[in-house]
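The primary structure of each chain is shown beneath.
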Amino acid sequence: NDGTVFASVGNDYTIRIWHGYTGLCTREITGTSIAEDSVLDNVMLAYSPDGTVLACGLYNSNNEIWRIGLLDVNTAECVRTIDIAPDVGEPYFVAFRPPIPTEATLLSS
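Heads up: these notes are all about the structure in this document. The model shown is predicted, which means the values in this text are computed figures rather than measured ones. (Residues numbered from 1 in each chain as written. Predicted model: local features only at pLDDT ≥ 70, side-chain atom pairs only at ≥ 80, totals over all residues. Heavy atoms only, no water.)

## Quick look at the pattern of salt bridges
Thinking step 1. With the rule as written, the count across this model stands at three salt bridges.
Thinking step 2. Its salt-bridge partner being D12, residue R16 comes within 2.7 Å of it at the nearest N-O pair.
Thinking step 3. The closest approach of N and O atoms between D83 and R67, which form a salt bridge, is 2.8 Å. Of this pair, D83 sits in strand β7 (residues 78-83) while R67 sits in strand β6 (residues 65-72), and the two are 16 residues apart along the sequence.
Thinking step 4. D83 sits in the partly exposed class, given a relative accessible area of 45%.
Thinking step 5. Among the charged side chains, a network of salt bridges with common partners joins D12, R16 and E28. (Salt bridge = Lys/Arg side-chain N within 4 Å of Asp/Glu carboxyl O. Helix = DSSP H or I, 4+ residues; strand = E, 2+ residues; numbered from the N terminus. Buried < 20%, exposed > 50% of the residue type's maximum accessible area, 1.4 Å probe, protein only.)

## Considering the sheet that holds strand β2 (residues 14-19)
Thinking step 1. One open sheet holds the three strands; their spatial order is β1-β2-β3, and the pairing between them is antiparallel. Lying at the two open borders of the sheet, with one neighbouring strand each, are β1 (5-9) and β3 (25-30). Averaged over all adjacent pairs, the angle separating strand axes in this sheet is 20°, with direction ignored. (Pairing = 2+ DSSP bridges. Axes fitted to C-alpha atoms, helices over the stretch in contact; angles between N-to-C directions.)

## Notes on the packing of aromatic side chains
Thinking step 1. For the structure shown, the criterion picks out two aromatic pairs.
Thinking step 2. Both rings, one in F6 and one in W18, keep their centres 6.4 Å apart while their planes meet at 15°; by these two values the pair is stacked. Here the residue F6 occupies a position in strand β1, and W18 occupies one in strand β2, the gap between them amounting to twelve residues.
Thinking step 3. According to the relative accessible area criterion, F6 is partly exposed, its value standing at 43%. (Phe/Tyr/Trp six-rings, centres within 6.5 Å; stacked < 30°, edge-to-face > 60°.)

Rendered as structure tokens:
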């Protein structure tokens, strides 16, 4: 992601990728196609720092488990789901932590 695109999720359970300069929607990812037996939560969405992964909230009504889905931005494929412990309850936000520089990366800069 070079900063020219952004993502949104709406009440229709669809993730949309938008081009920031033109304002055009370049891709739609429907909530039912993300992960088997899960529906997209219409609140949680975050880009990874490198722009290659979208994290989104998912809910499985069969077993009442909340999940975080990690989507490949280029393919819209859910590459991983992370189950939230039942005693934690419904998550409200999802975010990526930026990488923390290490001594090795500081020395190579």
